[in-house]
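Examination of the molecular architecture
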Amino acid sequence: MKFFQKYDTIKSVKENKKIKKGLKNIMKYDNNYHSVYKINYHIVFCIKYRRKVITNEISMRLKEIFLKISPKYKIALMEWEHDTDHIHLSISATPVTELSKFINAYKSASSRLIKKEFPIIKSKLWKEYFWSRSFLVLSVGGASIEVIKKYVQGQGGENENS
């Protein structure tokens, strides 16, 4: 009886190794000197009081600002979509990424630059605030990147006429 139990254990260990090897081939991991990782987030930033001020042009400029700031924080943009009152991001980060510091830096810089470059926005906002203080961050380790990308891409429903 013990022989068969041992054989079943060995068999299941071999099957687990095959499964893990298959997963490594499917999932692409990032790495640095001492670690291998896959850290993805879905982030939503809303305009203060959900004012409808984001057009395609403003969204493109917000994205440019994001792409300029993000490498300093070891963040890579995977997907970007917008509605008239919020933006959806799918990003990849590293274990040393300080996400809250990045978010503060991005919101401060983008707010300042957008209000400067698009003065019409000031008339639509109250008290000079561009972004809401709050934001949404979801870790998306359980879902495939394709599912998250599809979800984020589907969020731009209102921006087609902007």
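Use the structure listed above.
The residue count restarts for each chain, going from 1 along the sequence in the order it is written. A pLDDT threshold of at least 70 governs which residues receive local features in this predicted model, and a stricter bar of 80 or more applies before side-chain atom pairs are shown or counted, although totals over entire chains, interfaces and linings include all residues. Neither water nor hydrogens contribute to the side-chain values; these are computed over all heavy atoms in the structure.

**Examining the sheet that holds strand 5 (residues 86–93)**
As a reminder, the rule being used: Here, strands pair whenever DSSP counts at least two bridges between them. Starting at the N terminus, helices and strands are each numbered in turn, a helix being any DSSP run of H or I of at least four residues and a strand any DSSP run of E of at least two. Only the contacting stretch of a helix is used when fitting its axis, a line to C-alpha atoms as for every element, and angles between N-to-C directions run 0 to 180 degrees. Throughout, a contact is declared for two residues whenever any of their heavy atoms are within 4.5 Å.
The four strands are arranged 4-5-3-6 in an open sheet whose pairing can be described as antiparallel. Edge strands, defined here as strands with exactly one partner in the open sheet, are strand 4 (76–82) and strand 6 (131–139). Along the sheet, successive strands turn relative to each other by an average axial angle of 20°, direction set aside. Alignment of strand 3 (residues 39–47) against strand 6, held across six bridges, turns out to be antiparallel. Paired with phenylalanine 45 across the strands is phenylalanine 135, a residue of strand 6. In this fold helix 2 (residues 56–69) packs onto strand 4, strand 5 and strand 6, with an angle of close to 165° to the strand it touches most, strand 4. The strands touched by helix 3 (residues 99–117) are strand 3, strand 4, strand 5 and strand 6; relative to strand 6, the strand with the most contacts, the crossing angle is about 140°.

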